[in-house]
Structures are given as structure tokens and as C-alpha cells.
Amino acid sequence: VNVTVIDRQGVEHNFEAPTDMDLNLMELCKANELPVKGTCGGMALCASCQCYVLSDTDLPEQSDEELDMLDQALYVKDNSRLGCQIPISENIEGLVVELAPDEED
Ligand code: FES
């Protein structure tokens with residue numbers, strides 16, 4: 001499935017991501033050496049995988065855990081999502097996201 005991630009320097013990274021490896025967007029970024037920490041391991045508990053969704057892709061509903069975490073995170077916008085809560089599946093073809101600033105920088 002085709003996914004584009006814009007890094008914090010504004011550089012676009014385009015991936016043909018496998019849908020059969022049970023990855024989420026945070027793991028895809030890490031696997032491709034983008035600077036996404038994924039500190040909590042994908043439990044919606046750290047917001048280090050926050051990104052802004054720029055395409056009008058139909059994404060899974062946000063869980064209460066994701067909404068709670070985004071309530072506490074910095075740099076949150078209306079289009080913020082936690083990358084670890086976005087499964088890499090055929091449904092997200094054409095997804096474009098931009099990485100949110102790193103809270104620790
Ligand atoms: Fe921690 Fe996504 S990796 S919230």
C-alpha cells in the first residue's frame with residue numbers, strides 16, 4: 001500500500017508498505033529509519049508517534065486511549081493521530097502524514 005511520510009525537515013518519504021506484516025504506521029516509520037521514537041511500544045501512551053494526517057484517507061476511529069493521550073500531548077492539531085494506532089492495511093492507500101515535532105527537542 002502506498003504511504004507518504006513527511007519528516008520534520010519537510011522531506012517526503014514514499015513507501016510501498018507491506019500489508020501482510022501486521023505493522024502500524026509508527027513501526028513502518030521506525031523500520032525505515034525515520035526519527036519516530038515509539039517510546040511506549042505502540043500502546044497509545046507516549047505520543048512520540050504523533051503525526052498530522054494530510055490526506056482525506058478513511059482511517060479507523062480513534063480509541064478512547066488515543067484521544068486521552070492526544071489530550072495530554074503537545075503540538076496537537078485537529079488532524080493529529082498516533083501513528084501506532086494506524087494499521088498498515090489496504091484501506092489506507094494514498095495516506096499522507098507529516099511527523100509532529102518531537103516533544104523532547
Ligand atoms: Fe507511543 Fe504511539 S508509540 S503512542
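As shown above, the structure is provided for reference.
Residues numbered from 1 in each chain as written. Predicted model: local features only at pLDDT ≥ 70, side-chain atom pairs only at ≥ 80, totals over all residues.

With that out of the way, let us pick up the sheet that holds strand β3 (residues 50-53). On the basis of which strands lie adjacent, the open sheet formed by five strands has the order β2-β1-β5-β3-β4 and mixed pairing. Unpaired on one side and paired on the other, β2 (12-16) and β4 (80-82) mark the two borders of the sheet. Neighbour-to-neighbour, the strand axes of this sheet turn through a mean angle of 35 degrees, independent of strand direction. (Pairing = 2+ DSSP bridges. Helix = DSSP H or I, 4+ residues; strand = E, 2+ residues; numbered from the N terminus. Axes fitted to C-alpha atoms, helices over the stretch in contact; angles between N-to-C directions.)

The backbone of Glu 33 shows a phi angle near 60 degrees, a positive value even though the residue is not glycine. Turning to its location among the elements, Glu 33 is positioned in the loop between α1 (25-31) and β3. Residue Glu 33 is classed as exposed on the basis of its 8 C-beta neighbours within 10 Å. Backbone geometry at Ala 47 places phi at a positive 70 degrees, although glycine is not the residue there. Along the chain, Ala 47 falls in the loop between α1 and β3. On the basis of neighbour counts, which here come to 24 C-beta atoms within 10 Å, the residue Ala 47 falls in the buried class. (Buried ≥ 20, exposed ≤ 12 C-beta atoms within 10 Å, placed from the backbone.)

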